[in-house]
Amino acid sequence: MSQPIALITGASSGIGFATAQTLARMGYDLVVVARRSDRLQSLLDVLKSDPETAKSQVYSSVLDVRSLQQVKDFYQNLPASWKNIDVLVNNAGLAKGLSKFYDGDTDHWDQMIDTNVKGLMYVSRTVAPGMIARGKGHIINIGSIAGKEVYDNGNVYCGTKFAVDALTKSMRLELAVHGVRVTGIHPGAVETEFSIVRFDGDEQRAQKVYEGFDNLIAEDIADAIGYVVSRKPHVNINDLVIMPQAQAVAGMIIRKES
Ligand code: NDP
Ligand code: 8X3
């Protein structure tokens, strides 16, 4: 395979979906994974229907990053030519619920910790040795402003994203000697399916999160990922915090009166 290869987790929606489009446009072949096969198929259809992305070869696989066994099987079944992953975008993640920690739903906690922290580590643990062997590669972890500042009722989600920030720094520390770059990208409010998932499918409540201000869109983050991966090899963008102009801090959004 002559084109560089990017593996994107959580490519069935939002930031992951837009990143797949951006990297395909930049000439990457793609390995795209998520749990929903129909939504991965939609991504494949969109990529094929756009002349700017149609040339990209795409390998897609249903994968729940919470399962170490699934992650191992996925990688083992990846054809040899696809295993030379140049860029890993650890994007799969979610928030569930918004409540005081003392009222928290422990199933929500497990899902967030298992996906945002353990899933990210399972995939990284699986892919990094190949990068080390080749002496190059780039891991991009999607953290959050919630991993830089806490906000009211964010507790465990914030905790998972603080963990992503720490793990990103550790990965950079331990992979630099092997020629592998590591970047953390930390967005503020991006309108995707994020809030629909957080509020268990309540679209009206989710929509209110983005009312009265210009939120980020998935393409803003994909654009930053495109920038980060296209720097000269000696340049490592360590950390990007990307916010809507109207969200100066995590817990405060300036909304226009309607
Ligand atoms: P979306 O809900 O639109 O996308 C989340 C993606 O993660 C989906 O493709 C989903 O796919 C995938 N995913 C969730 N759980 C798993 C799992 N167990 N295994 C594999 N894939 C999984 O939200 P965003 O695009 O906004 O979120 C992407 C990342 O960005 C997350 O890590 C989120 O925390 C982070 N983020 C989002 C912000 C926002 O405001 N939207 C701000 C800051 C960070 P499927 O359901 O098909 O498995
Ligand atoms: C999501 C950021 O502030 O919308 O990671 O919870 S926020």
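Just so we're clear, the structure is a prediction, and the values are computed from it rather than from any experiment.

### Description of the packing of helix 1 (residues 14-25) against helix 2 (residues 37-49)
So, point 1. Close contact between helix 1 and helix 2 brings their axes to 11 Å; oriented N to C, the two are set at 30°. The pairing of helix 1 with helix 2 is recorded here as roughly parallel in orientation. Here the hand of the crossing between helix 1 and helix 2 comes out right-handed. Within the contact between the two elements, helix 1 uses Phe17, Ala20, Gln21 and Ala24 and helix 2 uses Arg39, Ser42, Leu43, Val46 and Leu47.
So, point 2. Per-class residue counts for the contact of helix 1 with helix 2 are six nonpolar, two polar and one charged.

### Description of helix 8 (residues 218-229)
So, point 1. Here helix 8 spans 17 Å end to end across 12 residues, near enough to the 16 Å set by a 1.5 Å rise per residue.
So, point 2. When helix 8 is considered as a whole, its buried residues turn out to be Ala218, Ile221, Ala222, Ala224, Ile225, Gly226, Val228 and Val229.

### Here's the deal with the site of ligand 2
So, point 1. Near ligand 2 you find Ser144, Ile145, Tyr151, Tyr157, Phe194, Arg198 and Gln247, and these make up its full shell.
So, point 2. One of the side-chain N or O atoms of Ser144 is found 2.5 Å from an oxygen atom in ligand 2.
So, point 3. The separation between an oxygen atom of ligand 2 and a polar side-chain atom of Tyr151 is 2.4 Å.
So, point 4. Burial of ligand 2 by the protein amounts to 87% of the accessible area it has alone, namely 250 Å².
So, point 5. Residues that form the shell around ligand 2 fall into these classes: four nonpolar, two polar and one charged.

### Considering the nonpolar core
So, point 1. Grouped together as the largest cluster of nonpolar side chains are 32 residues, with contacts concentrated most on Leu23, Leu30, Ile140, Ile185, Ile221 and Ile225.
So, point 2. Counting residues per element, the ones that place at least two in this core are strand 1 (5-9), helix 1, strand 2 (29-34), helix 2, strand 4 (87-90), strand 5 (137-142) and helix 8.
So, point 3. Not counting residues up to four positions away in its chain, the partners in contact with Ile225 are Thr19, Val89, Ile140, Ile142 and Ile185.
So, point 4. With 24 residues, the next largest nonpolar core counts Leu88, Val164, Met171 and Val180 among its residues.

### Things to note about the packing of helix 4 (residues 106-134) against helix 5 (residues 155-175)
So, point 1. Where helix 4 contacts helix 5, the axes come no closer than 9 Å and their chain directions differ by 15°. Between helix 4 and helix 5, the crossing angle belongs to the class labelled roughly parallel. In this structure, the crossing between helix 4 and helix 5 has a hand that is right-handed. Facing helix 4, whose interface residues are Trp109, Met112, Ile113, Asn116, Val117, Leu120, Met121, Ser124 and Ile132, helix 5 presents Val156, Tyr157, Thr160, Lys161, Ala163, Val164, Leu167, Met171 and Leu175.

Calculation criteria
- Residues numbered from 1 in each chain as written.
- Chains lettered and ligands numbered in written order.
- Predicted model: local features only at pLDDT ≥ 70, side-chain atom pairs only at ≥ 80, totals over all residues.
- Heavy atoms only, no water.
- Axes fitted to C-alpha atoms, helices over the stretch in contact; angles between N-to-C directions.
- Helix = DSSP H or I, 4+ residues; strand = E, 2+ residues; numbered from the N terminus.
- Parallel < 35°, antiparallel > 145°, perpendicular 65-115°, else oblique.
- Left-handed = near helix turned anticlockwise from the far one by under 90°.
- Contact = heavy atoms within 4.5 Å.
- Nonpolar A, V, L, I, M, F, W, Y, C, P; charged D, E, K, R; others polar.
- Expected span 1.5 Å × (residues − 1).
- Buried < 20%, exposed > 50% of the residue type's maximum accessible area, 1.4 Å probe, protein only.
- Near = heavy atom within 4 Å.
- Polar contact = N/O pair within 3.5 Å; in protein donor to acceptor, adjacent residues only side chain to side chain.
- Areas by Shrake-Rupley, 256 points an atom, 1.4 Å probe, with all protein chains shown as cover.
- Core = buried A, V, L, I, M, F, W, Y, C linked by side-chain atoms within 4.5 Å.

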